[in-house]
Amino acid sequence: MLTFHEEELHSLCDSLAAQDIYFAQVLERYGYPPFWHRANTFETLVHIILEQQVSLASALSALNKLRERIQEITPSRLLLLTDEELKACYFSRQKAAYCRYLAEAILSGTIYLDHLTTLPDHEVRTHLTALKGIGNWTVDIYLLMVLHRTDVFPIGDLAIINAMKRLLPVPPAVTREQLLLIADQWRPYRSIAAMLLWHYYLSEAATKRKTT
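Remember, predicted model here, so these are calculated numbers, not experimental data.

Thresholds applied
Residues numbered from 1 in each chain as written. Predicted model: local features only at pLDDT ≥ 70, side-chain atom pairs only at ≥ 80, totals over all residues. Heavy atoms only, no water. Core = buried A, V, L, I, M, F, W, Y, C linked by side-chain atoms within 4.5 Å. Buried < 20%, exposed > 50% of the residue type's maximum accessible area, 1.4 Å probe, protein only. Helix = DSSP H or I, 4+ residues; strand = E, 2+ residues; numbered from the N terminus. Phe/Tyr/Trp six-rings, centres within 6.5 Å; stacked < 30°, edge-to-face > 60°. Axes fitted to C-alpha atoms, helices over the stretch in contact; angles between N-to-C directions. Parallel < 35°, antiparallel > 145°, perpendicular 65-115°, else oblique. Left-handed = near helix turned anticlockwise from the far one by under 90°. Contact = heavy atoms within 4.5 Å. Nonpolar A, V, L, I, M, F, W, Y, C, P; charged D, E, K, R; others polar.

Engineer: Describe the nonpolar core, naming the residues involved and giving the relevant values.
Structural biologist: One finds Leu66, Leu128, Tyr142 and Trp186 to be the most contacted residues of the largest nonpolar core, which totals 73 residues. Examining the composition of this core, we find that eight residues originate from one element, helix α13 (residues 190-210), more than from any other.

Rendered as structure tokens:
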């Protein structure tokens, strides 16, 4: 159950770059990725649920709208909102149901977020995926950005898939399963590899915006 800390990020990136020329190119061109961190809270899990299959900007807009309405995003406060009030906060019907289910699970003691920090990755995954609306991608983001486990690779993340296709010499028709096999070479620090790939993807997108 290895974790990494902010002060270790640069040295871990350097270690990966020393064994992978493509990561070395990312560091040379764009520098180190930021240390993405989220608190271990109900609000964070709501945020990650909102990010499912939509842009980061759209998810953040919905989260901010919810915060405006209830001030502090807690399970009990969210459960006071009606369907229409959540819709006004840009929640889809499905995501409103998922967040309500999560709120009820926390309030009933079905899940304790503090307890998850003590569990190995596979047990965290078992606990969270038992909740309606939480799948492997959501758990991957939680493990990586909240618990900072070292060896998580969110193969369900479109940005990571696109970054691998652009950065690595792979055929256009490469499958997710094949990309996951490629990622095996970065064990036991696949989380750091994921951060470098996100950094590359976001930096490339920002560069394109500046030149258009």
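Engineer: Would you mind going over the packing of aromatic side chains in detail, with residue names and values included?
Structural biologist: In this structure the tally under the stated criterion is five aromatic pairs. For the pair phenylalanine 4 and phenylalanine 35, a centre-to-centre distance of 6.0 Å together with 85° between the ring planes defines the contact as edge-to-face. Placement of the pair is phenylalanine 4 in the segment before α1 (9-19) and phenylalanine 35 in the loop between α2 (21-30) and α3 (42-50), with a sequence separation of 31 residues. Centre to centre, the rings of tryptophan 36 and tryptophan 198 are 6.0 Å apart; their planes meet at 80°, and the pair counts as edge-to-face. Residue tryptophan 36 is found in the loop between α2 and α3, and its partner tryptophan 198 is found in helix α13; the two are separated by 162 residues along the sequence. Note on tryptophan 36: relative accessible area 21%, which makes it partly exposed. Taken together, the aromatic side chains of Phe23, Phe153 and Trp186 make up a single cluster linked through ring pairs.

Engineer: Tell me about the packing of α3 against helix α10 (residues 136-146), and name the residues and values.
Structural biologist: Running from amino to carboxyl end, α3 crosses α10 at an angle of 135°, the nearest separation of the two axes being 10 Å. It follows that α3 is oblique to α10 by the angle criterion. In the crossing of α3 with α10, the sense of the turn from one axis to the other is right-handed. From α3, Thr44, Leu45 and Ile48 reach across to α10, where they touch Trp137, Thr138, Ile141, Tyr142 and Val146. In terms of residue class, the contact of α3 with α10 is made up of six nonpolar, two polar and no charged.

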